[in-house]
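# Results of the structural survey
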Amino acid sequence: MKRPWQGQLEKPPPEDVPRWDPKNPLCPGATRANGEVNPNYEGTFVFPNDFPALQPDAPEPDNSGHPLFRAAAARGVCKVMCFHPHSDLTLPLMSLLEIRAVIDAWAELEAELGASYPWVQIFENKGAMMGCSNPHPHCQVWASSFLPNEARLEERTQRQHHSQHGVPMLLEYAEQEAHRKERLVVENEDWLVVVPYWAIWPFQTLLLPRRHVLRLRDLCDSERDSLASIMQRLLIKYDNLFQISFPYSMGWHGAPTGPHLQEDCEHWQLHAHYYPPLLRSATVRKFMVGYEMLAQAQRDLTPEQAAERLRALPEVHYKLRPQETV
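Residues numbered from 1 in each chain as written. Predicted model: local features only at pLDDT ≥ 70, side-chain atom pairs only at ≥ 80, totals over all residues. Heavy atoms only, no water.

A word on the pairing of strand β2 (residues 76-82). Most of β2 is tucked away: 6 of the 7 residues are buried. Inspection of the sheet shows strand β1 (residues 45-48) paired to β2 by 4 bridges, in the antiparallel sense. Looking across to β2, one finds that Phe 45 is bridged to Cys 82. Sheet analysis places β2 next to strand β4 (residues 138-144), joined by 7 bridges and oriented antiparallel. Residue pairing across strands places Val 77 opposite Ala 143, the latter belonging to β4. (Buried < 20%, exposed > 50% of the residue type's maximum accessible area, 1.4 Å probe, protein only. Helix = DSSP H or I, 4+ residues; strand = E, 2+ residues; numbered from the N terminus. Pairing = 2+ DSSP bridges.)

What follows is the structure, given as structure tokens:
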């Protein structure tokens, strides 16, 4: 962190995003790439991804004839969900009722797609720095016929911990972090956000429920309300850190679905990961390269330092605070 930086500087996100742009394919009433016209939606809006990475009828690959070259069909569906009709809003600037509507739509999509697919991945890439090609507030939902690598790893480690200790790993972890408090960022009666003990991204966070919950659909009304509140508080702190619309990739992980709905998944605990790239400022990001790609990730600052910085930030968005007069 003390090394002079002469490397790449990122371009801060634009502050002048138009509220509505007829050329933006995510806006209400706009025409998308496939010729379909969006409805004049006033809340959330879900539609099939016009450029899906997964197809429900993907063909089986040919047999390679050698065990080193194994392949199988990856089938699924991809959807896009707009959070709000206005392009100039992001989640931290939305109302609690509007964020709650997003949470309800997430839970509905998880239940709908999870009725047949083993894994439903809800994720948001926010900001051009994270590969997002459109500033309109939105996320993606991919349902797959298989458990992806991260899901398989979490399945194995949580099952192993539950077998050895008789308690869900992330439930025990949340209880420990709530007691220790050194990595705690924000909390309420149902949820807590921590910079995880194992964090490798500078301001990485983990959002955890306090009670044992398997999937988003299992959250009661009050837990969804308190989830909206804690998400807003966290994301306001993120934006306030460098006073920009803070980039990140986030996503929900819960118990597998589809055929796994009939299985014992008590070792699972619902949670959300947030992975922001920024390190020193709005223009200096962490690069996961060199030693970190070839050997092991390093920490530029400790989880405790990151949590302390986030914890100390105000919970009123910098755009909404009264302007100081000279």
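On we go.
Let us look at the UniProt feature "active site" (unreviewed entry) in the protein chain. Cross-referencing UniProt, the feature "active site" (unreviewed entry) maps to His 138 in the present numbering. Examined against the element boundaries, His 138 turns out to sit in strand β4. Note on His 138: relative accessible area 13%, which makes it buried. Setting aside residues up to four positions removed in sequence, His 138 forms contacts with Leu 26, Val 80, Met 81, Cys 82, Phe 83, Glu 124 and Cys 132. Among the polar contacts listed, one links the side chain of His 138 to the backbone oxygen of His 136, at a separation of 2.6 Å. (UniProt positions renumbered as here; feature names shortened; annotations may be inferred. Contact = heavy atoms within 4.5 Å. Polar contact = N/O pair within 3.5 Å; in protein donor to acceptor, adjacent residues only side chain to side chain.)

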